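Chain and residue survey
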Amino acid sequence: MLKKKIFRMEVLIICTLLFGTVFLPDLLGPYFERFLMQRKRKEFVQHEPYYRDLIFRNIRFFHRLDSEQQDKFLFRTYLFQRSRKFHYVGVEASPEMPVLISAVAAQLTLGLDKFKLNYFRDIYVLEHDYHYGYYSLPFMGHVDSSGIYLSWDNFLQGLGTNRDSNNVGLHEMAHALAYVNFVTKTEEDKHFIKEFRNFSKIARPIFQEMQKGKKNLLGDYAATNYHEFWAISVEMFFENPLRFKHELPDLYLAMSKVLKQDPIEQIKYKRSIIYKKTSLQ
Ligand SMILES: [Zn+2]
């Protein structure tokens, strides 16, 4: 009788343990995630003024956002940065480097659910243009399976106010975003993947025409291959949205759908706020 009782007890313990191991993580996962996120938000409070000031001074995109989007942008920048390992190669590290690089990633993915580009744990910062592989031309940045590489002087130039539509930070993050969704498939964003198919219906014919020699505002480098076409289009979308929409309206619309944000609408919003303020004075 006693043996039977002990046996039942053992079975009960094993079943409880099995249930706990199999189902508990699924049941408690979302709560635990929410708890971790709240903790990170609390941690971020002390860093927020530094992030806000630095990003306000360096990233024009930030000015166009409403306050809710600005908060989201700053917190995502923080989350991106803290999950990364930054390596400084031949350049002196400074505190603004990881923040600004992370901010550019947050800019690109602000409309998407998945924003961490987690496959790329390592980000390498170099001082100037550099040589890579067997290519004869110098690189301003690149992405490969070992990480994201950026040259700091070119990165800063991309953030500058000159209207040349170049932004190497956005360019490399665009490659990274495509990489995690389509190559490693480690951080698939459902919306991005679905809309990228629609984007390609518009983009592929334009790209193919460019390969045959047709010119447009994206420039010759965009005709190198479809990866470069995508990355250059991303740069143009954020850096020169009005011209982009004017010259390639369908592609602009497709880009705003795939990234779930529209820089022209953001600019309009900001202008309306400035107008309201000045007309109240
Ligand atoms: Zn590229």
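What this report covers is the structure whose coordinates are included nearby. Because the structure is predicted, anything quoted here is derived from the model rather than measured.

**Remarks on the overall build of the protein chain**
Scanning the protein chain from N- to C-terminus turns up 11 helices and four strands. With respect to the principal axes defined by its C-alpha atoms, the protein chain has extents near 90 × 55 × 40 Å. Here the protein chain holds 281 residues, and 46% of them are scored as buried. Taking the intrachain contacts of the protein chain between residues at least 6 apart in sequence as the baseline, contacts between residues at least 24 apart amount to 66%. Of the side chains in the protein chain, 40 bear a positive and 32 a negative charge, and the two mean positions are spaced by 9 Å.

**Considerations on empty space enclosed by the protein**
Within this structure, the stated rule accounts for one cavity of 30 Å³ or more. Roughly 90 Å³ of internal volume is contained in the largest cavity. Of all elements in the fold, only α2 (60-63), α5 (152-159) and α8 (226-239) reach the threshold of two or more residues within the lining of the largest cavity. Grouping the constituent residues of the lining of the largest cavity by class yields four nonpolar, four polar and three charged.

**Concerning the layout of surface pockets**
Within this model, the largest pocket holds a volume of roughly 1000 Å³. Forming the boundary of the largest pocket are 34 residues, of which His171, Glu172, His175, Tyr221 and Glu228 lie nearest the centre. When contributions to the lining of the largest pocket are tallied by element, the ones reaching two or more residues are β3 (141-144), α6 (168-183), α7 (190-211) and α8. Broken down by element, the lining of the largest pocket gets its largest block of residues, eight residues, from α6. Of the residues that constitute the lining of the largest pocket, the class distribution is 19 nonpolar, 10 polar and five charged.

**Looking at the coordination of the zinc ion**
Summarising the metal site, the zinc ion is bound by the protein donors His171 (NE2), His175 (NE2), Glu228 (OE) and Glu228 (OE), whose distances to it range over 2.1 to 2.6 Å. Each donor residue of the zinc ion lies on one chain, and together they are spaced H-x3-H-x52-E. Within this pair, whereas histidine 175 is found in helix α6, its partner glutamate 228 is found in helix α8, the two being separated by 53 residues in sequence. For glutamate 228, a relative accessible area of 11% translates into the label buried.

**Things to note about α5**
Buried residues of α5: Trp152, Asn154, Phe155, Gly158 and Leu159, and no others. Each buried residue of α5 sits inside an arc of 165° when the element is viewed along its axis, so together they form one side.

**Points about the nonpolar core**
Counting 76 residues, the largest nonpolar core has Phe73, Phe199, Leu218, Phe229, Trp230 and Leu259 as its most contacted members. Residues in contact with leucine 218, not counting those within four places in the same chain, are Met210, Phe229, Ile232, Ser233, Met236, Leu248 and Leu251. Tyr124, Tyr130, Phe139 and Tyr149 belong to the second-largest nonpolar core, a separate cluster that totals five residues.

**Section: the packing of aromatic side chains**
Enumeration according to the criterion identifies 32 aromatic pairs in this entry. Arranged with centres 5.3 Å apart and planes meeting at 70°, the rings of tyrosine 132 and phenylalanine 139 form a pair that is edge-to-face. Of the residues examined, tyrosine 132 reaches a relative accessible area of 29% and is grouped as partly exposed. A cation over a ring is seen here: arginine 41 above phenylalanine 75, with NZ or CZ 4.0 Å from the ring centre.

**Description of unusual backbone geometry**
Despite not being glycine, lysine 185 has its phi angle at roughly 55°, a positive value. Tracing the backbone through its elements, the reader meets lysine 185 in the loop between α6 and α7. Looking at lysine 185, the relative accessible area reads 51%, which means it is exposed. One non-glycine residue, lysine 260, adopts positive backbone phi at about 55°.

**Some remarks on α7**
Taking 1.5 Å per residue, 22 residues should reach 32 Å; α7 reaches 30 Å between its end C-alpha atoms and fits that length. If you look at α7, its biggest bend is around 35°, right at serine 200. By the burial criterion, the buried members of α7 are Phe192, Ile193, Glu195, Phe196, Phe199, Ser200, Ala203, Ile206, Phe207 and Met210. Where the residues of α7 are buried, they touch α6, α8 and α10 (249-259). With a side-chain oxygen positioned 3.2 Å from the backbone nitrogen of histidine 191, the residue opening α7 is aspartate 189. A positive backbone phi angle near 115° is found at glycine 213, which sits one or two residues after α7.

About the criteria used
- Residues numbered from 1 in each chain as written.
- Predicted model: local features only at pLDDT ≥ 70, side-chain atom pairs only at ≥ 80, totals over all residues.
- Heavy atoms only, no water.
- Helix = DSSP H or I, 4+ residues; strand = E, 2+ residues; numbered from the N terminus.
- Buried < 20%, exposed > 50% of the residue type's maximum accessible area, 1.4 Å probe, protein only.
- Contact = heavy atoms within 4.5 Å.
- Lys, Arg positive; Asp, Glu negative; His and termini not counted.
- Charge placed at Lys NZ, Arg CZ, Asp CG, Glu CD.
- 1 Å grid on protein atoms, 1.4 Å probe; cavity = no way out; pocket = protein on both sides within 12 Å on 5 of 7 lines; lining within 4 Å.
- Points joined across faces, edges and corners; volume = space filled by probe spheres on them.
- Nonpolar A, V, L, I, M, F, W, Y, C, P; charged D, E, K, R; others polar.
- Donors = N, O, S within 2.8 Å, 3.2 Å for Na, K, Ca; no water.
- Arc of directions from axis to C-beta.
- Core = buried A, V, L, I, M, F, W, Y, C linked by side-chain atoms within 4.5 Å.
- Phe/Tyr/Trp six-rings, centres within 6.5 Å; stacked < 30°, edge-to-face > 60°.
- Lys NZ or Arg CZ within 6 Å of the ring centre and 35° of its normal.
- Expected span 1.5 Å × (residues − 1).
- Bend = angle between axes of the 7 residues up to and from the residue.
- Polar contact = N/O pair within 3.5 Å; in protein donor to acceptor, adjacent residues only side chain to side chain.

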